[in-house]
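Descriptive analysis of the structure
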Amino acid sequence: KSDLSHFHVVLDQTRIRNNCIMTSKYNIITFLPVNLFEQFQEVANTYFLFLLILQLIPQISSLSWFTTIVPLVLVLSITAVKDATDDYFRHKSDNQVNNRQSQVLINGILQKEKWMNVRVGDIIKLENNQFVAADLLLLSSSEPHGLCYIETAELDGETNMKVRQSLSVTSELGDPNHLAQFDGEVVCEPPNNKLDRFCGTLYWRECKYGLSNQNMLLRGCVLRNTESCYGLVIFAGPDTKLMQNSGRTKFKRTSIDRLMNTLVLWIFGFLVCMGVILAIGNAVWEREVGFLFQSYLPWDPPVDNFLFSAFLSFWSYVIILNTVVPISLYVSVEVIRLCHSYFINWDRRMFCNRSSTPAEARSTTLNEELGQVEYIFSDKTGTLTQNIMTFNKCSINGRAYGERHRAQPLDFSTWNPLADRDFCFYDASLLEAVKVGEPAVHEFFRVLSLCHTVMSEEKSEGELVYKAQSPDEGALVTAARNFGFVFRSRTPSTITTQELGKAVTYTLLAILDFNNIRKRMSVIVRTPEGRIRLYCKGADTVLFERLHSCSHDVMNITSDHLNEYAGDGLRTLALAYRDLSEEQWAEWAERYRGADKAIDCREDRLAAAYEEIEQDLMLLGATAIEDKLQEGVAETIAILSLANIKIWVLTGDKQETAVNIGYSCKMLTDDTTEVFIVNGHTVQSVREDLRLVARERMMESARTRDGGKEVETQWAPPTSVLESISGEFALVISGHSLAHALEADMEQEFLETACACRAVICCRVTPLQKAMVVELVKRHKNAVTLAIGDGANDVSMIKTAHIGVGISGQEGIQAVLASDYSFSQFRFLQRLLLVHGRWSYLRMCRFLCYFFYKNFAFTMVHFWFGFFCGFSAQTVYDQYFITLYNIVYTSLPVLAMGIFDQDVPEQRSLEYPKLYEPGQLNLLFNKREFFICIAQGIYTSVVLFFIPYGVLSQATQSNGVPLADYQTFAVTTATALVIVVSVQISLDTGYWTAINHFFVWGSVGAYFTILFTMHSSVLFNIFPKQFHFLGSSQNTLAQPVVWLTIALATVICIAPVLAFRFLKLDLKPQLSDTVRYTQLVQQKKWKPGGRAALGRLGRGGSRRSGYAFAHQEGFGELITSGKNMRLSSLALATFASRHSASWIDTLRKKKHNPHSTPPTGDSSPAPSLVLISETNTF
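Residues numbered from 1 in each chain as written. Predicted model: local features only at pLDDT ≥ 70, side-chain atom pairs only at ≥ 80, totals over all residues. Heavy atoms only, no water.

In the annotation of an unreviewed UniProt entry, the entry for the protein chain reads Phospholipid-transporting ATPase, and the organism field reads Pygocentrus nattereri. Checking UniProt for the protein chain, the heading Catalytic activity (unreviewed entry) contains the comment "ATP + H2O + phospholipidSide 1 = ADP + phosphate + phospholipidSide 2." Taken directly from UniProt, the Sequence similarities (unreviewed entry) text for the protein chain runs: "Belongs to the cation transport ATPase (P-type) (TC 3.A.3) family. Type IV subfamily." (UniProt positions renumbered as here; feature names shortened; annotations may be inferred.)

Shown next, in the form of structure tokens:
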């Protein structure tokens, strides 16, 4: 399409795709067949289709086909409309992306083209703030040296700027005419999902040039601070790295769904057994009794013997008894889940006014699973913290600054017109030290203004905008700016600052770049006076090893300050400098240039050169930066821990910072018994650390606490033994150690040790390792997991967990798009779980229990009737009652209960987190509860059949006519059934609304209205063949004996239920019962409060480094080469009342330790907390 007739992009693939993406599933032609195929993959839909086919066979069906086809079509239609709506929005999103405009070079002219029409080999022009349409090889840029700046928040969650550079041989091709004459060949790797790696070669003018990720612009990036650039399409559409990383969303099912599938199979087996019993009865009856009726009641023509009659009878009863699992169950479940999702969306208390962001339930199928969560895996930066760095404190030459002695921050604008007005600092003594000219203070801020890789942009006179690689570095440069040392601009060889109003230009001799191993960066500059000086900033543990002996006194004082800062959860850096002579510089510069140009082992040689010069440093001091926690994080974690939810925090920071955040969130305290550090580099060392160090010390601590008594381990599995040990333990494990710990032969050991600790900190894990840790817990723990994050690097974890929650924060929207639920603040998680999740689980369980009960009570009457009708598959009720029972008479009351029911108000759910535990233990609906409901339903069916049968068989009307006819019995039984199940749901409903009253009593009224209408003369005159029994209901319900029979049956059905519930409430009340009782007692004398805030917890002075400096390696090299130069320059809460809920504790012990006797004393495991950090920051 373009003029690149000689340009070839050679890929290891047989087919080159266009740039069109398609995330939708259907189109107009395929929707109906594909959607029906998907729906009939559900066992229930296939089962009902099979029943419909059986009902179309006259010889075996005693019910009309519409009793099944109407609800089946309704279910299929509702699901199809929902799927079509979801797919419509996917089509809309795809069309919006595919129809974006790009400028493509066609016949030497730039023409606008839709994204979907872009092909591999096209040359595209991008302008500032535009999204990159495909994976491009950067050819040239409007910036010097072929540089451009991009933002990759949609790819990796990082909001800081990144730099990409074209090859020097193509950087001069800056206009369409030159690009149209360009010919060449690119050979590269096949499409893959590695965002940080690209390998390829450009062949041009008989030369070859290596291509790396620094030359690539990936789809999803946004061009920033660059007027324009040109790129060659390498990968398009589904082959782009963004689409390769999107993966396929896993279909998530709740534990209740999985249990229901099992129960449906059991019910089907029970249905078959009943059919077999009745078929055998039919065979026996036809053989022993039926032959007597052959003369006037012969078999239908296909039937010629009693065995064939029994065979047809079996299928007839399968049809009649299928209502034990009606299709309306699945419709009701979807409606309830949809309503619960809207409750989450409408919750004003989960609405963030600052960002105008409401909570959103992006999935409607997982609501009740929110009430069963046991493990939470959380990202840190942007999820627990605000990802906003502020310069809080510092230590300079042994003196600490930053104490807050005043209410208002300092006003820097009065003496510094270039100060950032958003910068806040409260210690006036530091500003005074700058003004009086203390040398150490000046040198301290000089380091901050020079030793960095920040780019400065001056939009107008005095309006500086800093573009930093990391928020840490931006905060440090901004602090120097406000204290009078303003970084203004840079060139490849100079750095220009304004020091106390005076412009100063330093010659930049070298940048000693940062990496994760060095944990520091340095710059070497020549001052205006001609001195050569090295400035360095980095981790205190690294810099202190390289200090000159004369700095030891300052080092000791600074160490104490660093301990204090780390104790406050602040991120720290140490600052130092070294003066170099001309000879030292010249000798080292020669070795540095040789290492820089080396082909083999370049990184190692550069590291050795850096190590050589960064010695004998003079310590200046240290900085302390706060990554502010979000509002309510500490309280949320405390409440969730009380609900026995284990929180594992996954962070991109280094070990020390992760520990500091643990203290800030009150997840770690001085009460921690021991911290186990696993930092091995080999499988054997990691195994020894986990087994010998952590596990043995836990056992030893338990024996010491129990007075030397041996911990019982003979019959208990290892997990039960460790989890039964009460203690405040913490585990710290590095990323490389975690890689070994996640191997198949060691993962169980790691999981056991981690779950026995109250806090576990895993540092330097990758996004893939996040998903692996989640999968490990899912696989080995019978527990529901939830993952929460705000960046694209959390997507794999969010998709892997049972429930994924996205935070709409600072790192793009990829996490939100991949999530099942989203909101803007971590603190909303407690309301999502303890209120919405618990209520959803409670409502769904009560709904299912009642639904199975009422349908067994309804269906089993047919089973008992079979023994009195010659096993002829005759129904007790008429077909209209059978059709309307689950659609009209009983559907709305149970639907209202499933949508609105509560056991305690929302405030009590938050005040008593232990109320959450029944969901974790799956107590409200399980196999035992299911069998109890079935037993109650069968008992009700026995009463509803035999009481009317026994009474009416001997009863007569007032005129002496017997009442023992089929229609009188049918009407009496049906009426008693409707009244009994209505009374039962009145007892089951814990929270009455106007809607509940309307549905319950309205359904009873609807039953009588429809009953009298169907037996009226009006319908008989219109449809005489369909409505045969004129006046039957009016005549039946006019008899007092019928109402006495209905009342007797109701009392016999309901009385045992009332007696059992009163005894249970009196002898073994649940925590919710106790809370309701307490609320009733205190209703008149209730006083608000209920929570007592604890004071700040103190900590000992254990040595902890808080070094944290998120940065990208390689940026310093770009600066010194000149290639990136622009043309223009919580409070922890306690609760007033906590109930023991010993019945829950007993069940939890049985769950975790089924083979051993629970030890005496408090043996419930302490809520564990795991922090896991990922790579790319330190």
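**Quick look at a nonpolar patch on the surface**
Together, Ile277, Phe867, Phe868, Phe946 and Tyr949 give the surface a local cluster of nonpolar side chains, amounting to about 450 Å² of exposed area. As for its placement among the helices and strands, Phe867 is situated in the loop between α26 (828-866) and α27 (879-889). In this structure Phe867 comes out as partly exposed when scored by relative accessible area, which is 42%. (Patch = residues over 30% accessible without salt bridge, like charges linked within 9 Å, V, L, I, M, F, W, Y side chains within 5 Å. Areas by Shrake-Rupley, 256 points an atom, 1.4 Å probe, with all protein chains shown as cover. Salt bridge = Lys/Arg side-chain N within 4 Å of Asp/Glu carboxyl O. Helix = DSSP H or I, 4+ residues; strand = E, 2+ residues; numbered from the N terminus. Buried < 20%, exposed > 50% of the residue type's maximum accessible area, 1.4 Å probe, protein only.)

**Considerations on the pairing of strand β4 (residues 123-127)**
Looking down a regular strand, the side chains alternate between one sheet face and the other. Within β4, four of the five residues are buried, which leaves it mostly tucked inside the rest of the structure. Across two bridges, the pairing between strand β2 (residues 101-106) and β4 is antiparallel. Each residue of the ladder has a partner; that of Val104, found in β4, is Ile124. For β4 and strand β13 (residues 228-235), the ladder comprises five bridges, and the chain directions are antiparallel. Bridging from a neighbouring strand, Glu127 pairs with Ser228 of β13. (Pairing = 2+ DSSP bridges.)

**Notes on the sheet that holds β2**
Reading across the sheet, the six strands line up as β3-β2-β4-β13-β5-β11 and stay open at both edges, with antiparallel pairing between neighbours. Two strands in the sheet have a free side with no partner beyond their single neighbour: β3 (109-114) and β11 (216-217).

**Focus on the packing of α26 against helix α32 (residues 966-988)**
At a closest axis distance of 11 Å, the pairing of α26 and α32 adopts a crossing angle of 165°. By the angle class used here, α26 and α32 are roughly antiparallel. In terms of crossing hand, the pair formed by α26 and α32 is right-handed. Here Arg846, Tyr850, Tyr853, Lys854, Ala857, Phe858, Val861 and Phe865 of α26 come into contact with α32, specifically with Tyr966, Phe969, Thr973, Leu977, Val980, Val981, Ser982, Gln984, Ile985 and Asp988. Broken down by class, the residue content of the contact of α26 with α32 amounts to twelve nonpolar, three polar and three charged. (Axes fitted to C-alpha atoms, helices over the stretch in contact; angles between N-to-C directions. Parallel < 35°, antiparallel > 145°, perpendicular 65-115°, else oblique. Left-handed = near helix turned anticlockwise from the far one by under 90°. Contact = heavy atoms within 4.5 Å. Nonpolar A, V, L, I, M, F, W, Y, C, P; charged D, E, K, R; others polar.)

**Thoughts on the sheet that holds strand β23 (residues 520-526)**
Taking strand neighbours across the sheet as the criterion, the nine strands line up as β17-β16-β26-β25-β24-β23-β22-β21-β20 in an open arrangement whose pairing is antiparallel. Either end of the sheet is taken by a strand with one partner, and the two such strands are β17 (399-401) and β20 (485-490). Direction aside, the axes of adjacent strands within the sheet are offset by 30° on average. Together, β16 (385-396), β17 and β20 form the strand contacts of helix α10 (residues 428-436), whose direction differs from that of β17 by roughly 120°.

**Quick notes on the packing of aromatic side chains**
Under the defined criterion, the tally for this structure stands at 59 aromatic pairs. Following the ring pairs from residue to residue traces out a cluster consisting of Phe863, Trp864, Phe865, Phe867, Phe868, Phe871, Phe945, Phe946, Tyr949 and Phe969. Over the ring of Phe851 we find Lys854; its NZ or CZ atom is 4.2 Å from the centre of that ring. (Phe/Tyr/Trp six-rings, centres within 6.5 Å; stacked < 30°, edge-to-face > 60°. Lys NZ or Arg CZ within 6 Å of the ring centre and 35° of its normal.)

**Points about the side chain of Thr357**
Relative to the elements of secondary structure, Thr357 occurs in the loop between α9 (328-345) and β14 (360-361). At 2.9 Å, the side chain of Thr357 and the side chain of Ser355 are in polar contact. Among residues more than four places away in sequence, those in contact with Thr357 are Met350, Phe351, Cys352, Ser808 and Ser824. (Polar contact = N/O pair within 3.5 Å; in protein donor to acceptor, adjacent residues only side chain to side chain.)

**Some details on the UniProt feature "active site" (unreviewed entry) in the protein chain**
The feature "active site" (unreviewed entry), as given by UniProt, occupies Asp379 in the numbering adopted here. Structurally, the position occupied by Asp379 is in strand β15 (residues 373-379). Residue classification places Asp379 among the buried residues on the basis of a relative accessible area of 3%. Leave out the neighbours within four places in its chain, and Asp379 touches Leu384, Val649, Leu650, Thr651, Lys770, Ile788, Gly789, Asp790, Asp794 and Met797. Within the local environment of Asp379, its side chain forms a polar contact with the side chain of Thr383, the two groups lying 3.4 Å apart.

**Side note on the packing of α26 against helix α31 (residues 927-952)**
Following both chains from N to C, one finds α26 and α31 inclined at 40°, their axes separated by 7 Å at the closest point. Here α26 is positioned oblique relative to α31, judged by the angle of their axes. Read as a crossing pair, α26 and α31 show a hand that is right-handed. Listed contacts from α31 to Cys849, Phe852, Tyr853, Phe856, Ala857, Met860, Val861, Trp864 and Phe865 of α26 are Phe930, Cys933, Ile934, Gln936, Gly937, Ile938, Thr940, Ser941, Val942, Leu944, Phe945 and Phe946. A breakdown of the residues in the contact of α26 with α31 according to their chemical character gives 17 nonpolar, four polar and no charged.

**Describing the side chain of Thr254**
Among the secondary structure elements, Thr254 is positioned in the loop between α6 (241-246) and α7 (255-288). A distance of 3.1 Å separates a polar atom in the side chain of Thr254 from the backbone nitrogen of Asp257. A distance of 3.3 Å separates a polar atom in the side chain of Thr254 from a polar atom in the side chain of Glu368. Residues in contact with Thr254, not counting those within four places in the same chain, are Arg337, Thr365, Leu366, Glu368 and Glu369.

**Considerations on helix α33 (residues 994-1014)**
Here α33 contains 21 residues, and its C-alpha end-to-end distance of 29 Å stays within 8% of the 30 Å for a straight helix at 1.5 Å per residue. The largest bend along α33 reaches roughly 25° and is located at Gly1002. Looking at α33, one finds that the buried residues are Asn996, Phe999, Val1000, Ser1003, Val1004, Tyr1007, Phe1008, Leu1011 and Met1014. Against the buried residues of α33 lie α27, α28 (891-900), α32, α34 (1017-1022), α35 (1032-1036) and α36 (1040-1067). (Expected span 1.5 Å × (residues − 1). Bend = angle between axes of the 7 residues up to and from the residue.)

**Description of the pairing of β23**
The buried fraction of β23 amounts to six of the seven residues, a majority that puts the element mostly inside the structure. Bridge count for strand β22 (residues 502-512) against β23 is five bridges, and the pairing is antiparallel. Paired with Thr507 across the bridge in β23 is Arg526. Counting the residues in the hairpin turn of β23 and strand β24 (residues 532-538) gives five residues, including Gly530, whose phi is positive at 100°.

**Side note on the nonpolar core**
Counting residues in hydrophobic clusters, the biggest one holds 97 residues, and the most contacted among them are Leu329, Phe847, Leu848, Tyr877, Phe881 and Leu977. Per-element accounting of this core gives the leading share, 18 residues, to α26. Not counting residues within four places of it along the chain, the set of residues in contact with Phe847 comprises Leu329, Ser332, Val333, Ile336, Val894, Met897 and Gly898. With 50 residues, the next largest nonpolar core counts Phe423, Ile511, Leu575 and Leu620 among its residues. (Core = buried A, V, L, I, M, F, W, Y, C linked by side-chain atoms within 4.5 Å.)

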